[in-house]
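Spelled out from the first residue to the last, the chains are:
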Amino acid sequence: LASPPRAVNVDLQTDATLQVDISDALSERDKVKFTVHTKSTLPNFKQNEFSVVRQHEEFIWLHDSFVENEDYAGYIIPPAPPRPDFDASREKLQKLGEGEGSMTKEEFTKMKQELEAEYLAIFKKTVAMHEVFLCRVAAHPVLRKDLNFHVFLEYNQDLSVRGKNKKEKLEDFFKNVVKSADGVLVAGVKDVDDFFEHEKTFLLEYHNRVKDASAKSDKMIRSHKSAADDINRIASSLYTLGTQDSTDLCKYESLLKLLTFLCFKIEARVAADEDLKLADLLKYYLRESQAAKDLLYRRSRALVDYENANKALDKARAKNRDVLQAETSQQLCCHKFEKISESAKQELIDFKTRRVAAFRKNLVELAELELKHAKGNLQLLQSCLGVLKGNT
Amino acid sequence: MCLSSSEPASLPAEDISTNSNGPKQDLLFDEDPEDLFAEATEEVSLDSPERDLLLSDGPSPAITPITPPTSVITPCIGHSLLRIKFEQFQTCFLQIEEEEGGDLFDMNISVSDPEKVGDGMNAYMAYKVTTKTSMSVFKRTEFSVKRRFSDFLGLHSKLASKYLHVGYIVPPAPEKSIVGMTKVKVGKEDQSSNEFVEKRRSALERYLMRTVKHPVLLKDPDVLQFLESSDLPRAVSTQALSSAGLLRMVNKAADAVNKMTIKMNESDAWFEEKQQHFENLDVQLRKLHASVESLVCHRKELSVNTAQFAKSAAMLGNSEDHTALSRALSQLAEVEEKIDQLHQDQANADFYLFSELLGDYVRLITAVKGVFDHRMKTWQKWQDSQMLLQKKREAEAKLQFTNKPDKLQQAKDEIKELEGKVQQGERDFEQISKTIRKEVSRFEKDRVKDFKTIIIKYLESLVQTQQQLIKYWEAFLPEAKAIS
């Protein structure tokens, strides 16, 4: 696989001190192997340039290690890449194989090519998602220094991280339940700080709206693909129609075939553009806005802890018991809260900058792509019309 | 001076009456004008009885036998002699073949203004049928009448009974739809019943145009009456659940069974090849029709989903707190809304242009196959007569040795009659074969023309769509770039 293009969704500054990309990927039966390539001038690494092979589970391990690290509570943790999902595509290819007998050789070859192209597109996307994650980490002033990250990049053996077993998955599930219940409680706490109060309201609504837009754009693109598939099917039946007809009609039948193929391309391209520039963008910001929400949650949690610690200190002072303990506890909570608040503010500002830049880039590219394709289609259609109208 | 040919049959008027078995001879499509007009180089006087034959329209005013164009005849009032040269006839004949009876085919029929008449289950839709034409077979150049759906079915029924069995491909009428009509009768004024009426109106229009484009059907008195006369007797036997309707169904089933038992020795490879060709075409067109219907469905779905996405994008734009991005997202929502409209228009084009055309052709091919079946039946009839004749001859031979002069005479009479029948059977078979060849070639030409016209229309609609898309995205691009 040729080196995929740099992550298109996110606008990141890269510098020479640490550059990470996925230079290669291999899709096997039930796993994908990513070749993570690093170029760095940092002294931490033994070499300036090196590569290792990683699987999806190892990315998740890295992400989770960030989330669980208390020191990183004040940062937006880059969202984990989604699991590579070729199931649907594989199923389609399998169905095609089973139905091989019921269609002509041309139909079969054509469908196979289409499905293989689809498989390749999904593959490229999953590579891009994993790459974006690593790039975000590498671009973050604090996270890039993380030791686990360096191990991930450099250690050329298997990290032996297994996927979570059933028990651990169940634990995660309960943790999330608790967290969302807690989140509701914590969200109710009004913040004295205007900036954070505004961010909280904004993010809550924004996240929901992005979720909706992402779902609707997926639906729209699926319809588009269905329509394109129909046109493809029409083209195949026209193909078989022409070969049986008398030569008089062959002229028109072959032009008809070309036209149908053109119609298919028109639809398929639009669907692909929308998918790339719109759907992926929305999906990514759905995850990022969730990560931002998580940050706010952690800060609110810390605030609640801080306020509780204050109350406990007052009580202790009133009873004159365990005052020192309460004081230490209160100081810790205060420190934690302030630390989080400070970095959170910057993180949220950066989030907005990134978001605006990414949307701008993708919307501009979407419009440019649509224009390019529409103009190309128009030319082809007009020349086809010219041939048909002039041909009597 | 008169035509040296003494056979008035060389220029017979076509015998068209409503109960006839169709034209006995199809001169319009004769491939050998020489046979007919070899003698026509002689001059014909204005007063000769042959001229009357030449110029008479026969029993039906609608049918024009082979005559030179009126420009040759009418100015000759001042001349004493009509000079009819073979070459003139030949050119005239060819012109007629192309120009359908003396004028260029210039006719446009539109079906419009659907109007509900009556109430409840007896209600029906009346359509206005407007004909605009410069053709001489019509009395006026523009006229309209009111017709209802059963009138169209009645027309088709009459034409089918007259022409199908002699090999003409009679365009099938639009399909009945009990569900569709009931909704209209009951008075449901919603989108689906409006769509149904529009679909039907369009189908009726196409049906009439196809019918009149057929050079023989155009001249049929039933067709002319349908288009011109303000009063038309109700075609009662077209009701789906009537006894006539049931009888039709029974006959159809019987036909199907009979067809299976006819084993014809096809001596003509052309027919075998064409029959196979139409079988294949039938299968392919049905498949194509199904695919196009699926496309129309998905396109409508796409339109709905695009509209939903547009709303969602607008909401997202509202909650976005960066002003320029917020505005751009709202603009995106507007673009998507406009694109949704384009999708709807495209779905309509897919439907009206292609799906309906394919449906028409699936039904037409059934009519074509029917005509081939009639040929088989004609052959069978001929064969049966021949076999019967054979039997009678054998019986006669046996009777020779008995002393029964009456019975012998009877047998001889029967044989004579049967010989006539056999000859007629053979003539019928040859005639229908000839007609079918001609019809098939006309059908194929029309098919190419039809599809070509539709493809051009469809392409033009696609061109429009792309042009609109360019407009929308060009307007959007600066908004997207303005985000900072």
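Given the structure is predicted, the values throughout are model-derived calculations rather than measurements. Each chain carries its own residue numbering, running from 1 in the written order of its sequence. Working convention: letters from A go to chains and numbers from 1 go to ligands, in the order in which they are written. Residues qualify for local features only when their pLDDT is at least 70, as the model is predicted, and side-chain atom pairs are given and counted only at 80 or more; totals for whole chains, interfaces and linings, by contrast, use all residues. The side-chain figures draw on all heavy atoms in the structure; neither hydrogens nor water molecules are used.

Draft legend 1. Looking closely at the overall build of chain A. Regarding its fold elements, chain A presents eight helices and three strands. When the helices and strands of chain A are listed from N to C terminus, the series reads β-β-β-α-α-α-α-α-α-α-α. For every residue, the accessible area (1.4 Å probe, protein chains only) is compared with the maximum for its type, and the residue is labelled buried under 20%, exposed over 50%, or partly exposed between those bounds. Within chain A, buried positions represent 46% of all 392 residues. The criterion used for residue contact is that any of the two residues' heavy atoms lie within 4.5 Å. Taking as baseline every contact in chain A between residues at least 6 positions apart, the subset at least 24 positions apart corresponds to 74%. Counting only carbon and sulfur atoms, one obtains 55% of the accessible surface of chain A, whose full area is about 20400 Å². Runs of H or I in DSSP of at least four residues are treated as helices and runs of E of at least two as strands, each being numbered from the N terminus. Using the Shrake-Rupley algorithm and a 1.4 Å probe, accessible areas are obtained, with residue cover drawn only from the displayed protein chains.

Draft legend 2. Representation of the overall build of chain B in the model. When you go through chain B residue by residue, the secondary structure sums to 13 helices and five strands. Accessible surface for chain B amounts to roughly 24900 Å². Of this, 53% is attributable to carbon and sulfur atoms.

Draft legend 3. Here's a closer look at the domain arrangement of chain A. Residues and elements named next belong to chain A. Just so you know, the domain bounds were taken from an automatic or database domain assignment. The domain boundaries assigned to chain A delineate domain 1 (14–157) and domain 2 (178–391). Placing the centre of domain 1 and that of domain 2 at their C-alpha centroids yields a distance of 19 Å. Listed per partner, the contact involves 21 residues of domain 1 and 25 residues of domain 2. For the pair domain 1 and domain 2, the two sides together bury roughly 2100 Å², of which 54% comes from carbon and sulfur. As a working definition, buried area equals the accessible area (1.4 Å probe) given up by two parts on being put together, with both sides summed. On the domain 1 side of the interface with domain 2, the three residues burying the most area are Ile 76, Pro 79 and Lys 110, jointly 27% of the side's total. In the sections that follow, a salt bridge refers to a side-chain nitrogen of Lys or Arg positioned within 4 Å of a carboxyl oxygen of Asp or Glu. For Arg 136, the salt bridge is made with Glu 288, and the minimal N-O distance between the two is 2.6 Å. Polar contact criterion, stated in full: a pair of N or O atoms within 3.5 Å, where within protein one must be able to donate a hydrogen and the other to accept it, and residues adjacent in sequence count only if both atoms are side-chain atoms. Linking domain 1 with domain 2 are twelve residue pairs in polar contact (both at pLDDT 80 or more). Its residues placed into classes, the side of domain 1 that touches domain 2 shows ten nonpolar, three polar and eight charged. Lys, Arg, Asp and Glu make up the charged group, whereas Ala, Val, Leu, Ile, Met, Phe, Trp, Tyr, Cys and Pro make up the nonpolar group; the residues left over, Gly among them, are polar.

Draft legend 4. Local environment of the pairing of strand 1 (residues 18–27) of chain A. Residues and elements named next belong to chain A. Two strands are counted as paired when DSSP detects at least two bridges linking them. Here strand 1 pairs with strand 2 (residues 32–40) via nine bridges, running antiparallel. From the neighbouring strand, Asp 24 faces strand 2, where its bridge partner is Thr 35. Hairpin connection between strand 1 and strand 2: a loop of four residues separates the two successive antiparallel strands.

Draft legend 5. View of the UniProt feature "coiled-coil region" (unreviewed entry) in chain B. The feature "coiled-coil region" (unreviewed entry), as annotated in UniProt, sits at residues 408–435 of chain B in this numbering. Across residues 408–435 of chain B one finds 100% helix and 0% strand; the C-alpha atoms that close the span lie 40 Å apart. UniProt positions are given in the numbering used here, feature names are shortened, and annotations may be inferred rather than shown by experiment.

Draft legend 6. Layout of the pattern of salt bridges. Summed over all chains, the structure comprises 49 salt bridges over all chains. The salt bridge involving Lys 125 of chain A is made with Asp 275 of chain A; its shortest N-O contact spans 3.2 Å. On the criterion of sequence distance, the pair formed by Lys 125 of chain A in helix 3 (residues 105–139) and Asp 275 of chain A in helix 7 (residues 247–319) is long-range, its members being 150 residues apart. Judged by its relative accessible area of 13%, Asp 275 of chain A falls in the buried class. Residue Asp 305 of chain A pairs with Arg 301 of chain A through a salt bridge whose shortest N-O separation is 3.4 Å. Taken together, the positions of Asp 305 of chain A and Arg 301 of chain A, both in helix 7 and four residues apart, correspond to about one turn of that helix. Judged by relative accessible area, which is 28%, Asp 305 of chain A ranks as partly exposed. Each member of the salt-bridge network shares a partner with another, and the members are Glu 175, Arg 206, Arg 210, Glu 356, Asp 360, Arg 363 and Asp 450 of chain B.

Draft legend 7. Structural context of the packing of helix 11 (residues 269–319) of chain B against helix 13 (residues 405–481) of chain B. Residues and elements named next belong to chain B. Where helix 11 meets helix 13, the axes come as close as 13 Å, and the angle between the chain directions of the two elements is 25°. Judged on the interaxial angle alone, helix 13 and helix 11 are roughly parallel. The way helix 11 lies across helix 13 gives a crossing that is left-handed. For the pair helix 11 and helix 13, contact is made by Trp 270, Phe 271, Lys 274, His 277, Phe 278, Leu 281, Leu 285 and Arg 299 and by Ser 433, Ile 436, Arg 437, Val 440, Phe 443, Glu 444, Arg 447, Phe 451 and Tyr 458, respectively. Partitioning the contact of helix 11 with helix 13 into residue classes produces ten nonpolar, two polar and five charged. The axes are straight lines fitted to the C-alpha atoms, using for helices just the contacting stretch, and the angles between their N-to-C directions are given from 0 to 180°. What sets the label is the angle itself: under 35 degrees gives roughly parallel, over 145 gives roughly antiparallel, 65 to 115 gives roughly perpendicular, and the rest give oblique. Each crossing gets its handedness from the near helix: less than a right angle anticlockwise from the far helix is left-handed, clockwise is right-handed.

Draft legend 8. Spatial organisation of the packing of helix 7 (residues 191–213) of chain B against helix 12 (residues 323–400) of chain B. Residue and element names in this part refer to chain B. The contact between helix 7 and helix 12 brings their axes to 11 Å, and the two run at 55°. When the axes of helix 7 and helix 12 are compared, the pair comes out oblique. The handedness of the crossing between helix 7 and helix 12 is right-handed. Of the residues in helix 12, those in contact with Glu 195, Glu 198, Lys 199, Ser 202, Arg 206 and Arg 210 of helix 7 are Phe 351, Tyr 352, Glu 356, Leu 357, Asp 360, Tyr 361 and Leu 364. Looking at the contact of helix 7 with helix 12 residue by residue, the classes come out as five nonpolar, one polar and seven charged.

Draft legend 9. Looking closely at the sheet that holds strand 1 of chain A. Residues and elements named next belong to chain A. With antiparallel pairing, the three strands of this open sheet are ordered in space as 1-2-3. Strands with a single pairing partner mark the edges of an open sheet, and in this sheet they are strand 1 and strand 3 (49–55). On average, adjacent strands in this sheet sit at an angle of 25° to one another, irrespective of strand direction. Relative to strand 3, strand 2 runs antiparallel, the two sharing seven bridges. Within strand 3, the residue paired with Lys 39 across the bridge is Glu 49. Sheet contacts for helix 1 (residues 56–68): strand 1, strand 2 and strand 3; angle to strand 3, the most-contacted strand, approximately 100°. Against the sheet, helix 3 engages strand 1 and strand 2, with an angle of about 155° to strand 1.

Draft legend 10. Just the nonpolar core, in detail. If you look at the biggest cluster of nonpolar residues, it comprises 149 residues, and the most contacted ones within it are Phe 359 and Leu 363 of chain A together with Leu 208, Leu 227, Leu 285, Leu 459 and Trp 473 of chain B. Residue contributions to this core peak at 22 residues, all from helix 12 of chain B. Residue contributions to this core reach at least three from each of two domains, namely domain 1 (14–157) and domain 2 (178–391) of chain A. Leu 363 of chain A has contacts with Leu 278 of chain A together with Leu 325, Ala 328, Leu 329, Leu 332, Phe 476, Ala 480 and Ile 483 of chain B, leaving out every residue within four places of it along the chain. Core analysis: the next-biggest nonpolar cluster, separate from the first, contains 29 residues, Val 32, Phe 45, Phe 152 and Leu 159 of chain A among them. Side-chain atoms within 4.5 Å link the members of a nonpolar core, which is a set of buried Ala, Val, Leu, Ile, Met, Phe, Trp, Tyr and Cys residues.

Draft legend 11. Seen up close, the packing of aromatic side chains. Between 30 and 60 degrees the pair is tilted, below 30 it is stacked and above 60 it is edge-to-face, where a pair is any two Phe, Tyr or Trp rings, Trp via its six-membered ring, whose centres lie within 6.5 Å. If you walk through the whole model with that rule in mind, you get 25 aromatic pairs over all chains. Through a chain of ring-to-ring contacts, three or more aromatic side chains come together here, namely Trp 270, Phe 271, Phe 278, Tyr 361, Phe 372 and Phe 443 of chain B. By definition, being over a ring means that NZ of Lys or CZ of Arg is both within 6 Å of the ring centre and within 35 degrees of the ring normal. Between the NZ or CZ atom of Arg 299 of chain A and the centre of the ring of Phe 196 of chain A, over which it lies, the distance is 3.6 Å. Across from the ring centre of Tyr 124 of chain B, 3.8 Å away, lies the NZ or CZ of Arg 148 of chain B, which sits over that ring.

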